[in-house]
Each structure stands twice: as structure tokens, then as C-alpha cells.
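Secondary and tertiary structure notes
Residues per chain, in single letters:
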Amino acid sequence: MPVLKGKELRIVGFLCNWCSYGGADTAGVGRFNQPTDLRIIRVPCSGRIDPLFIMKTLLNGADGVLVSGCHPRDCHYAEGNFYARRRLEVLHRFLPILGIEPGRFEYTWVSASEGQRWQQVVTRFTEQIHKLGPAPKIAGPAASETLRQMEAAL
Amino acid sequence: MKIGVFVCHCGSNIEGTVDTAAVAAAAREFPGVAFATDTMYTCSEPGQEEIVNAIKEHQLDGVVVASCTPRMHEQTFRRTVERAGLNRYLFEMANIREHVSWIGKDREANTNKATELVRMAASKLLHNRPLLSKQFDINKRVLIIGGGVAGIQAALDCAEGGLEVILVEKTTTIGGKMAKLDKTFPTVDCSCCILGPRMVDVAQHPNITLYAYSEIEEVSGYVGNFEVKVKKKATYVDWDKCTGCGICMTKCPSKKATDFFNEGIGKTTAINIPFPQAIPKKAKIDANFCMKLQKGKCGICAKVCPSGCIDFTQQDEFVTEKVGAIVAATGFDLFDWTVYGEYGGGRYPDVITSLQYERMLSASGPTGGHIKRPSDGKEPKNVVFIQCVGSRDKSVGRPYCTGFCCMYTAKQAILTKDHLPEAQTYVFYMDIRATGKNYDEFTRRAMEEYNAKYIRGRVSMIYPKGDSLLVRGADTLMGTQVEVDADLVVLAVGADSSAGAAGLAEKLRISYDSYGFYMEGHPKLKPVETNTAGVYLAGCCQGPKDIPSSVAQGSAAASKVLGLFSKDKLASDPQVSVVDIKRCIGCGKCIKTCPFGAIKEIDFRGMKKAEVIETVCQGCGICTSTCPQGAAQLQHFTDNQILSEVNALCQF
Amino acid sequence: MSVSLTYAYYPGCSSTGTSIEYDMSSRAICAALDITLTDVPNWSCCGSTPAHTVDHTLSSALSARNLCQVASMGLTAAVTPCPSCLSNLKTAQHRMKNDSFREKVSKLLDKPADITVETKSVLQILVEDYGIEKIKAKVTKPLTGLIVAAYYGCIMNRPAEIMNFDDREHPMAMDNIMTALGATVVPFPLKVECCGASFGIPRKDVVMRLSGKLLDTAKEMGAMALVTACPLCQMNLDMRQEQINSANGSKHHMPIFYFTQLMGLAFGLSEKELGIDKLCVNPRSVINALGMEGDSKEKSQ
């Protein structure tokens, strides 16, 4: 599906159901205006997020990926966000090695009460992605073959 | 799969900034979509009927509703599709209200975004499978944390409903803040006379087990089957033997212990029973002040105790209780007002808190109900009340209104006049918030019948002048500065979340806001539930509130617990992890990472395999992202389901 | 740890006139404590109250110019005795944290505004950098028997987020120094109240009322003298004390010292180099009570 030409970039969010998805809801209920680029995928816990989801999203052409979970120590499942933090931090450091600008991926913590904070996070991240511009796409005649190989590698 | 898509207008809430008809039209082109329409209010009865009819008419086997957040109406629509004969998990929601129409006004961008969210939902739905719940047994006992008026109400209601109740109280007596009050507004009846009998009921009720001077150490398990470790703190008194006679108190030579019950007005003995109506009426030794425990000398209490219950070697003790539901009723604490340097920051003895004043007014308090200045014991002539200390004040990080201070200040102004007819009271206020039944009439009485002088403005500073205090503030109605000579200043200190609230929330796995107040499940529709099934809230732990509201919430929480326990078995959430035994290599990583111990190792034809205990699994999916083989898959959030959403969005 | 302290010294205009004794005594005690003060070359007025009430950018440019002068000396910290000067310096620094504001200032200066220099008051370096304990060690003639109230004025530590010094409602820096000198310090509840400041010119009645209250309260608390750290406060309380008396019908005769003067006395410096004779309310009886008779030649008029 094409992104809105000239206006938006493709930004995908993975949010835990209990805190950050609720925080995004709170932002909506509070009518806190946000850029429209972000598409949110709801997962039960940030610990459910496989770093490969993020890789796949970026490889498939997303310009930015935002992950948000409960604040450390406040996880609905006690320790899911600790696992998430470890995995996502490793991924973050790994991105430049893969030739992906690390600024295209970020993870943060937003609780269900922090509607305003969510607005700030989204606004700032969207600005950051717009500054980076559209992600370089894998193109050319061998593109589909390259992608298939990369996916197989994942 | 034949999918039906229903795009909700939500009146103008969505339609105002999203072209729902265009979204529906676009959806018809998505893979698997057989039917799409836009409806006015999908959640209304005709809206739900439309879904049921469409399922039958078009032989749909999956439904997407694009409307509000799934946190709002996912359950509603799951029931709807179930009514039409579909499995409730063959349903997906696209959140086009909170995440689209309410956060931007660009109709083109919103319509495009809503369309994409519907596409994501539809493509996930293609991978959905019917899921069935399992039934599991529940333990019909309830734990109530906090023995203030909200906790007492919840405990008694649950106990009356036939449940076994475990009531855990942090201090040595139940009663909470209400027990410290002299009178209550707006009826000015005696607080302890109302609460006292309820406290006795708690003590005498056969269904209630009370752990006083105890705290929650650990919570594990899940709705219906929690396991709670309670720490019974050492009191150095064997409570099974203690009769509460109080002889130890009369003989204890250490008379300078902090009197917590009386808010530090006056001192008490190292061994003490906080007040005559205490429940349980048992003595406790304050180890910081006990000469025997500090210096090894004394032990007089042990000598005089007629029942021989003093035990200087007592240690903290732990008990484990199994319960099916938990009610948090941990109340509030006063804001630390000493950050207000302009009010003396605690340097002036005659600047006290409202709760200290309350103890002073109480006939069973440290002054026997006489209003005396802490500095010299004289009766004050001019008493100044300052409202909103730690309330509605951004500069100290407390922008919220505590809500009940206006009322208790009016009450204290009235009581002051009752105690000291010659006294003059002044009240510095910002706005008067008296919104309850008979509340505004009450504050008016304070002004009109009891001649309290209400001055609208903040106090900028208090300083000693001679042996009185000069209170300087603004009168914003007159536009002038005012100075009042005060003999006693009472600060209406606002409510803070209870000390340790955050720590307990983490144990209970419930959310709290930036001030430490617990978050309710939904601000309108789930005022006593939390996001964790089986954990409920009552009283000020959820946010400052007055006694009637706390009691109402206590009862509401009790009725939720009774409702939960009205079934003998609960249906488990089938969104749990399942291990594909063919792919499992028995590495055991999932067993190590599962926070709930919900995965066990089994032997399958001589091979090690993992297996999920369905009723224990909480559905976090940590195992799924840990499993190197993709063998463990969280149902309804499988790798394929999540990746199908990604693919719907990002395709080259 | 005998690193000698060196600061760029920005005296401020009052130091050349109405508060020359503050300047003299500040220099004298710093010399006695081995604190090196190097005058900022070619310094200009901070703009005082009039500048910032007219134009924030111009007012900040005045301070920014002086800060550039400090930076050109190769020093990183500037010190001034006057809280009003300090307030202007710090406010300018605070505003210049905003890039667009700093650009405007730089344009006025024709060079980039400096943002590296640290600014402090003499009082602040004494308690924070030098230390009370070391001050105590320098005392040769303790001020035993002297009962003082310490008066800080309203801008020494406020607004707290800009001045970033001591408690905004209940500062103790001078109290602690006075105690270290051997004096008795009474609790003074009005230590950060306003004296009336520059209202002394347009609305003298305001100063009479506010400064009068300070004197009344100090006396009530049992103080023999007030100690100040601000030239304007000192002037209102000292020079105008007779006017206050006649306006309020009071009979105050309360010496108003700069804290640096009392430090000098306790270090055994001469009254002359501390400018004791510049005070309007004669402090002779108070000083004599300390057993410091002074030189007859040095007696104030």
C-alpha cells in the first residue's frame, strides 16, 4: 500500500497492549494532535517483540520503527520489558553493521496514563524520520532475489 | 475466508475527520474481504444486529470492525460475532478513533491511515484460528490490602457475601485516616462513632482473618489463583496472649516515642496501643525507642505484663495465603508540606497540618480535645487556615485537586468556633470546591453562622512576630495585600499517594500514574477494576476522594469480587502459548524465561519437550520470541499473524 | 589541597560610590584569605534595574559584554559582591541558553557572546569554594557577644532556578559565616523580604514601610546589628534609617554592616581598610562592646 505521497513516510509502531497502547489511546481521548505517519501494531507485551519483526519491517521498506512498552519494573507480565530492553538494545547497536541508520529504530517506555508523553514521542520520532528521509530501497533487476535471500537469512 | 468489514462513524467522532464510506469501499478490494459497509454506531443494538445479519446473509467467517480502541469494545464485538455463530477469535478491530480521527484533522491523511489500519486487521484475520477457552477452578478467598474505611467496607461486604477474607493492614490497627478524624463533614458527626462499630465488626466476623502490622511481600499467580506472601512484622508482643490491658503503657519508662497515630502531636511510650478503640487492641514495641532493644536494659513491660506476652526476641514472620481476588485499598498519605519554605518549612511549631489539628480536636487525642498551641500550650485567638497546600500547585509537582480539603477546612473552622467561641477563624482559599450533597450549604454555614472569614488568595509567607505568627497573603477579590496576626496556622495539606504505593503496584502488576495513584481499568466504565484480572481498587489509592466515595468504591470492589466468585469455574483466556511438539528441540529456553512458570518439561517418547500449562499461561508471548525454533507460538499473536500486519503495510 | 582561588572581580557601579566600603572590605578579606581577585578590565555597568525593565536584549548585552571581558582574561569564573549585578549576569546567561536570543546579543556585541564563564557572588565563593571551616580557622578576634540578624534581601538566591544558591526561602550562608566568626545569630524570619529597593527614589513611603518592618523585626528578635550582602539593602537600612525613624516614629539605632566588614574585624583587619567609617549609623558602641576599641584616629564621625 503506497504511503501518502509527499506527506507521510512509512512508520510502524509495535506497542504493548497494557501500557503504551493504552497511552496512545489516552493521547487520543485527550485529543493530543499527532503526525499521521505512524501505524500501530498491538502486541501483548514488548517481550513478545522478536527483533526479527523489526528487521523484517525495515527490510520490507519501512522508513522507521518505533517500539514502546511499559516502564521498566511496571510490566504487566512482571519482566517482559526487561527481555525487550536487552533484545532491542542489541538490535539497535547491530543496525549500523547491517547498513541501516540507527535513527530509524527507537524503543521507549510510555505508560497508559502518559498521553501527553506519547504525543511527544510520536511527534519527535516522526520528525526524526522525516529528517532522515525515505529509507533507501533495495531496487534493480535483482531486487526480488536479494530480498528473498535476505528473508531466508532472517 | 469471507471477511466482513464494518466501518463505524461513531456519530461524528470518526466520520468528522475520516471518510468512512471511502474506507469501506477500499476495504472491498482487500484479499478475503467479501463485504464492507459503514455504519452509524456499530456498538449500538442496531449496529450489532447489522453485523449478525451480514454474517448470516453473506456467510461471513470473519469480521473486522473499524471503530474505537479494542480496549473499549473488543469484548462487545466478540460476543456479537459469537451470537452469529462464529468463534469469537475470528474477529479483529481497527482502532480508527483514538489512533486516527481524534489525533488529527487532515481528512485525506486520516482516511488513508484508517484504510491501512483496516487492511492490517483484515490480513491478520486471514491467519486467525478459532480458539476455545478451558475452565479452571478458582479459590474463593479474597485478599484486601489496607484497613482504612474503604478496605473495611470491602472486607465486610465480601465477608457478608460469604467469602473468606484476608485483610492485611500496614499499621497495628485498622481504621486508617478516618480513625484519626474527630468529626466528619457535612454532618459533623463523630468519626470514631461511625467507624468504631465497623472496626469491631471486622474483628468479630468469622469470615475475616486480620493481619495487622503486616505487609505484602510477594504476589504470584493469576485471577482465581493468587498466592500471596504476607510479612507479619515483629511487634515484640505475642498477640495471641496480649489482652490489650495497657498496663505496659503505664509503666514504660521510655516516653519519647513518636506518636504516629497522633501525627506527632505529643509523644507516646515505646510500647503502646495507638488509641483506645484500636482493632486489634494489641500492644507493639517501637524498637527505635525501646531501652531493652536499644541498650539491653529495662524490660519493665515484661515484668508487669499479666499475661506474659512480651517477647524481645520476636522476628518478622511470613505466611502464605492463597486467594482468588485482591482488592487494593492502600489509601493516601499527606503531602510533605515542608517543601513550602515560605510557610516555615516546619520550623514554626504553631504551623500544623490539618490532620494534626484533627487529633487536637479529638477528645481522645493528645490534648484531650482542647485546642492548644504546640509552642506554649495557650489557647489560640486567631486561627488561620490555608488551603491548597500541596494541591493545585504545579510548583511543587502537585497540579491535581485533592478534592476534600475545602470541606474539612470548613468543618475545622466550625469546630474551632465550637471549641473556642471567642476565636476568630480565617480561611485563605483559591476556589471553594463543595460539590457533594449538602456540601455547599455546609461551607456557607461556616461563613455565615460561624463567622469564618474567607479570603480568596494565596499566602505568600508566614513569619513569627512576637509570640504570634504573621500571615501575609493576597486578597484577590479586593486586590490588596492582607496580613493576619495568627496564633495558630492550620495547613490544609493535600493528599499524596501512599508511601510504598508504587512498590505494591509492581508486585500486583497494576499500573499507576506519575503521582503513584493506581490506574483504574477505564476512567468511566471500570472505576474499580485494574488492567490485571482479579485485582480491584477501593478508596484513595486510586485517587483522592472523600469518605462516602471511598465507602462506595469499597462496596463496588466487593461486588466485583462477589460477581467474579459467583461462578465455580472461570474460563481461561485461550490467547496462550502453544508448543508445536514437532518443532520443539527441548532446549528449555522458554521454561527459563517464562515469568509465570507456565511451561514444563515433558518426556515425549524419550525426547525432552516443552509443554505449556494452559491455565497458568498469561499470554505475554515472551517464550514465543525466545524460542529459537518458532515452536512456541502465542495464539492470536503468532509470528505469522504479526508479520501479516507488517506485510499489509510494508510491501515493495 | 592548597590550590589558590582566583577569580575575575566585577565590582559593579555601587562599589565605586555608595557601597565603597563593601568593595574595600571584600577585597581586604579576600586578600587575607589568599583569594586572588583580578579586576575585569574596562568593565561596564550591568544596567541595573532600569535596563531590563526597558529591553531584555540590550540589558543582556550589557552583561554579555562584561562576560566577554572576563573570558578575554583567560579566567573561567567571575565574582561580584553585588547581588543585583549577579542577578543581571545570571539572567543574561540564562536567556542566552536560547540560541536565537544569544544570536541577537552577539549581533549587538559584534562578536560571539561568551557562555562559558561561571558567575558567583563573593558570599557564594566564600561558603561554596573556600569553606566555612577554613574561614573559622582564620578568625583571630572572635565576635563573641555580638548578636546579629542576617539579612539577604530578595534577589541573592531568587529566582532559585537562575541564582542556584542556598535555600530560596531560608538561606543560611551568612548565618553560618557569622556563627563561624563567633557571633550569635538570631533567627530572622524576614531574611529574604524586600527592603523596598529602588523605590527609595519614586516612592519613599514604600521603603519606609518595608525597611521599617525589617528593623522592627530585627530589634524584636534581639539583634544588635543587621548584616547584609547587598549595597541597595544596606543603603536603605543604613542611610535611610533616620528617615525611617521619623516616618514611622521609631527610634532605631541599628548598625547595618556588610558581612565582609564583620569578617574583616574578626580576622583582625583594621577598621580603616574595611571602611567601617563609611557607615551612616555609627557602629562604635557595638564594636566597642566586642572589646575592639579601635584606633582613636579611626573613629567614625
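This write-up is about the structure you can find in this document.

**A short note on the interface of chain A and chain B**
Between chain A and chain B, the residue contacts involve 56 residues of the former and 59 residues of the latter. The contact between chain A and chain B buries some 4900 Å² in all, and 57% of this surface belongs to carbon and sulfur atoms. Where chain A meets chain B, there are 25 residue pairs in polar contact (both at pLDDT 80 or more). For the side of chain A that touches chain B, the secondary-structure elements that each account for two or more residues are β1 (11–16), α1 (20–29), β2 (38–43), α2 (51–59) and α3 (80–94) of chain A. Looking at which element gives the most residues to the side of chain A that touches chain B, the answer is α1 of chain A, with seven residues. Taken together, the residues that form the side of chain A that touches chain B break down as 28 nonpolar, 13 polar and 15 charged.

**Examining the sheet that holds strand β3 (residues 64–69) of chain A**
Within a sheet, neighbouring strands are paired by backbone hydrogen bonds and run either parallel or antiparallel to one another. All names here are of chain A. Strand order in this open sheet of four strands is β2-β1-β3-β4, and the pairing throughout is parallel. In the strand order of this sheet, the two ends are held by β2 and β4 (105–109), each with one partner. Taking each pair of neighbouring strands and ignoring which way they run, the sheet shows an average axis angle of 20°. Here six bridges tie β1 to β2, and the two strands are oriented parallel to one another. Bridge pairing in β2 places I11 opposite L38. Contacts between α3 and the sheet are confined to β3 and β4, with β4 contributing the most and set at about 155° to the helix.

**Things to note about the arrangement of the chains**
Ranked by contact count, the leading pair among the two pairs of chains in contact consists of chains A and B. One thing to see here is that chain A and chain C don't touch, and their nearest C-alpha atoms sit 20 Å from each other.

**Points about the packing of aromatic side chains**
Evaluation of the coordinates by the stated rule reveals 22 aromatic pairs over all chains. Note on F185 of chain B and Y439 of chain B: the rings are 5.3 Å apart at their centroids and 85° apart in plane angle, and the pair reads as edge-to-face. Of this pair, F185 of chain B sits in the loop between β8 (183–184) and β9 (189–190) while Y439 of chain B sits in helix α13 (residues 439–448), and the two are 254 residues apart along the sequence. Through a chain of ring-to-ring contacts, the aromatic side chains of W18 and Y77 of chain A together with F596 of chain B assemble into a single cluster. Note that K177 of chain B overlies the ring of F332 of chain B, its terminal NZ or CZ placed 5.2 Å from the centroid. Lying across the ring of Y213 of chain B, K233 of chain B places its NZ or CZ 4.4 Å from the centre.

The rules behind each value
Residues numbered from 1 in each chain as written. Chains lettered and ligands numbered in written order. Predicted model: local features only at pLDDT ≥ 70, side-chain atom pairs only at ≥ 80, totals over all residues. Heavy atoms only, no water. Contact = heavy atoms within 4.5 Å. Buried area = accessible area lost by both parts, 1.4 Å probe. Polar contact = N/O pair within 3.5 Å; in protein donor to acceptor, adjacent residues only side chain to side chain. Helix = DSSP H or I, 4+ residues; strand = E, 2+ residues; numbered from the N terminus. Nonpolar A, V, L, I, M, F, W, Y, C, P; charged D, E, K, R; others polar. Pairing = 2+ DSSP bridges. Axes fitted to C-alpha atoms, helices over the stretch in contact; angles between N-to-C directions. Phe/Tyr/Trp six-rings, centres within 6.5 Å; stacked < 30°, edge-to-face > 60°. Lys NZ or Arg CZ within 6 Å of the ring centre and 35° of its normal.

Treat this as a map of the structure, not an account of what it does.
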